[in-house]
Every structure is written in C-alpha cells, then in structure tokens.
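# Report on the structure
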Amino acid sequence: MQLNRQPVERFLQGTAPVVDVRAPAEFAQGHIPGARNLPLFSDEQRAAVGTTYKQQGRQAAVQLGLELVGPRLGELGSQLSAWAEEASGAPLRLHCWRGGMRSESVAWLASQLDLPVVLLEGGYKSFRRWALALFDTPWPIHLMGGRTGSGKTDLLLALAERQVAVVDLEGLAHHRGSSFGSLGMPPQPSSEHYENRIALALHGYREAEQIWVEAESVQVGRCRIPGGIWRQMQAAPLLEIRRPLEERLEQLVDVYGSQDPAALKEATERIARRLGPQRTAAALEAIEAQQWGEAARQMLDYYDRCYDHELERHGAADQHRLLGHEDLAGLSAEAAADQLISRGVTKAQRRNAA
C-alpha cells in the first residue's frame, strides 16, 4: 500500500480532522491542538504489547496487537467513515507517536473503506520537535501590562477580534495567573500540551509585525511559559494600560464575585503571608459578608506593589522598551481596542493559515 506522508507544516495545512491513534494517556499528555483521539489500543493494551515486544520479539507483539484490535475493526472503521464524511472529501490526517505501525494500520483500514488519508511523517514526535524549535525563533513580541483589574485579557481578546495578532497565554493555560486564577476555569492542560497550543498560535502569526501577549510570570498556574518565549518576553517592549481604582474593583467583582466563597477564602489564605495578617483578616471577613468589592480592595495593594516592582525591573536597564501608557478610563474593551488601533499603537495583522 502506497502511503502519503507529509512533513509537519504541510500536514498542518490540511482541512480534514487530525486523527491521533495513540493511547488515551499519550493523548492526554499532549497532542496537536484540535486533534481527535481514536486509540488503536487502550493504555493497558499498549503496555501489554510493549512488554511482549521486549520479552518475545516483534512477531509476538504484532500477533497480540492483531488479537486486541481485531474485534474493534468495525467500530474504528465507522468512526473513520463519519469523520471522512465530515471532511467533504479532504484526506483524514493520521498520526501515532513515530509514524509507524499504529498509524500505518489505521491507514490500511481506511484504504479498505476507500477513505483518503495522509500520514504525519515522523508522527507526533516530529511535531514536538517542530513546536519546540519555534520557541527559539525570534518573534516580534509586545507586552500588554497593567495593574490587576485593568482588563488586559478582555482588551487583548477585543484586539484579536480586530485582526491584531494576539496570543492569549492565560486563555491557553485555562488560568488567570494569580492565586485566584483557576476559579471558574476549566482544568489546566499539561505543560506539554500548553507548549503545543502556544506553538500553533505563534505559527499562525509567522508574518506578523507585532504579536501581543499579556505580561505574565513564567508560571501560569501549573503551566510554564516555554523558556525561549519567556526570554523574548523579558526583552520585549511593554505598553502599560491604566484604569481608575474603582473601575478595576468593578472588573474584579465581575470576574470573581460569582465564585464559590469557600474557594475565594482558600485562594486568599494561600497569599496570607504576603498580604499580612490585617489585610488577610479584613479580606476574609469581607468574603464572609459577600462584600466582594471590599475583599478585592484589600488584596489590590499587594498585587499593585508586585506589578510596580515588575514594571520598574522591566525598564530599569533599557527605558526604550517601555512604550508608555494608555489611559482607558471609562472605555469598554472594544472601545479601548479601537483607540489603540486608531492611534497606531497596535496593528491589524490577518492570521495565516496553519
């Protein structure tokens, strides 16, 4: 059977679903963003085949694999057919770990059903090499800074809707970046999958003049910004956005006021040492009374001091990296985005096809 193998970038340009045939645990650890898992083996079956290969050799492992997969061929074929119909004739994009027997076997099954497929040359392993190499590539990164509650994320999302190149590091991590950052958010991806998400987002902006990201700590919850990107962020120009205290308090109440009070208390207690005993007690008392604005006010002093320190450190050695500030008082995220674009601070950049 003649197999059509494609290198990573050409593979990513396809329009049909990406079908990852690795075991569920492999897929959960990290996968090509948007891929669908059609495991040839369960985690336990994969382990059994691997053990058989080591102890008895390739032929015995292949025989065991055939016995395990045989009863599921109909189920696998039905799913491939459904996704192929969805693809409207475009070839399904298949891969396993190295582009070996698992993806080749599923490609054979697809051929028996007259379904067109392409395989990723080198499998997911080659995608990971490609993704990690992207982080050491120079990118025109620009930082969006501002004190807690300034609405940086909402502004970046509004800019993205206006074709400005934006990589939402917090959204990709499912975390807002503080002790409270996980509240109301989906479970975080693994660090490996976070890297995959960032890589694909960057690749879509490979011709952009500017790529805007929020000024972050290297750790976004349990996810870690890739080292190559973090180093570029440390040297990137930074624009500070400013809003009055009352607007910032309103923003925080909108985001966190609907969260579980017990979770808010737990998050507050995690930073108690840095808040100090008086502010911690006042914040916990305000949460108990559901006085969300007062609770936020108690914590802003700590977060503001952290931000001011980081801003000073960022520009201490090289003042030209500070692009100045924009006063956004009274403006919605959409109006603020229009203002930045009209003043030429940010530039629209249509996203490239992957």
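Residues numbered from 1 in each chain as written. Predicted model: local features only at pLDDT ≥ 70, side-chain atom pairs only at ≥ 80, totals over all residues. Heavy atoms only, no water.

## What about the packing of helix 8 (residues 152-161) against helix 17 (residues 333-342)?
With their axes 8 Å apart at the nearest point, helix 8 and helix 17 run at an angle of 60° to one another. Here the hand of the crossing between helix 8 and helix 17 comes out right-handed. Residue-level contacts link Asp154, Leu155, Ala158 and Leu159 of helix 8 to Ala333, Glu334, Ala336, Ala337, Leu340 and Ile341 of helix 17. Partitioning the contact of helix 8 with helix 17 into residue classes produces 8 nonpolar, no polar and 2 charged. (Axes fitted to C-alpha atoms, helices over the stretch in contact; angles between N-to-C directions. Helix = DSSP H or I, 4+ residues; strand = E, 2+ residues; numbered from the N terminus. Left-handed = near helix turned anticlockwise from the far one by under 90°. Contact = heavy atoms within 4.5 Å. Nonpolar A, V, L, I, M, F, W, Y, C, P; charged D, E, K, R; others polar.)

## Section: the side chain of Gln232
Relative to the helices and strands, Gln232 resides in helix 11 (residues 227-234). On the basis of relative accessible area, Gln232 is assigned to the buried category, the value being 19%. When residues no more than four places from it in sequence are discounted, the contact partners of Gln232 are Phe135, Thr137, Pro138, Trp139 and Ile141. (Buried < 20%, exposed > 50% of the residue type's maximum accessible area, 1.4 Å probe, protein only.)

## As for the sheet that holds strand 11 (residues 322-327)
In space, the 4 strands of this open sheet follow the order 7-6-10-11, with parallel pairing throughout. The outermost strands of the open sheet, each flanked by one partner alone, are strand 7 (211-214) and strand 11. Across the sheet, the mean angle separating the axes of adjacent strands is 25° when strand polarity is ignored. As defined by bridge partners, strand 10 (residues 238-242) adjoins strand 11 across 4 bridges and the pair is classed as parallel. Across the sheet, the residue bridging to Arg242 is Asp327, located in strand 11. Contacts from helix 11 reach strand 6 (141-145) and strand 7 within the one sheet, and its direction differs from that of strand 6 by about 70°. (Pairing = 2+ DSSP bridges.)

## So, the pattern of salt bridges
Side chains that carry opposite charge are capable of pairing whenever their charged atoms lie near each other. Summed over the entire model, instances satisfying the criterion amount to 24 salt bridges. Taking the shortest distance from any N to any O, the salt bridge between Arg102 and Glu26 comes out at 2.9 Å. Highlighted residues: Arg102 in helix 6 (residues 101-112) and Glu26 in helix 2 (residues 24-29), separated in sequence by 76 residues. Assigned by exposure class, Arg102 and Glu26 land together as buried. Of the charged contacts, one joins Arg343 and Glu326 as a salt bridge, the two residues approaching to 2.9 Å between their closest N and O atoms. Residue Arg343 is located in the segment after helix 17, and its partner Glu326 is located in strand 11; the two are separated by 17 residues in the primary sequence. Here the salt bridges do not stand alone but share partners, grouping Arg147, Arg248, Asp304 and Asp308 into one network. (Salt bridge = Lys/Arg side-chain N within 4 Å of Asp/Glu carboxyl O.)

## So, helix 5 (residues 73-86)
One full turn of an α-helix is made of 3.6 residues, so residues set three or four places apart face in the same direction. The end-to-end C-alpha separation of helix 5 is 20 Å, in line with the 20 Å expected for 14 residues at 1.5 Å each. The complete set of buried residues in helix 5 reads Leu76, Gly77, Leu80, Trp83 and Ala84. For helix 5, the angular spread of the buried residues around the axis is 130°, confining them to a single face. Of the exposed residues in helix 5, those oriented more than 90 degrees away from the buried face are Glu75, Ser78 and Glu85. Those residues of helix 5 hidden inside the fold are in contact with strand 2 (18-20), strand 3 (36-37), helix 4 (58-69), strand 4 (92-95) and helix 6. (Expected span 1.5 Å × (residues − 1). Arc of directions from axis to C-beta.)

The values are spatial; any link to function lies outside them.
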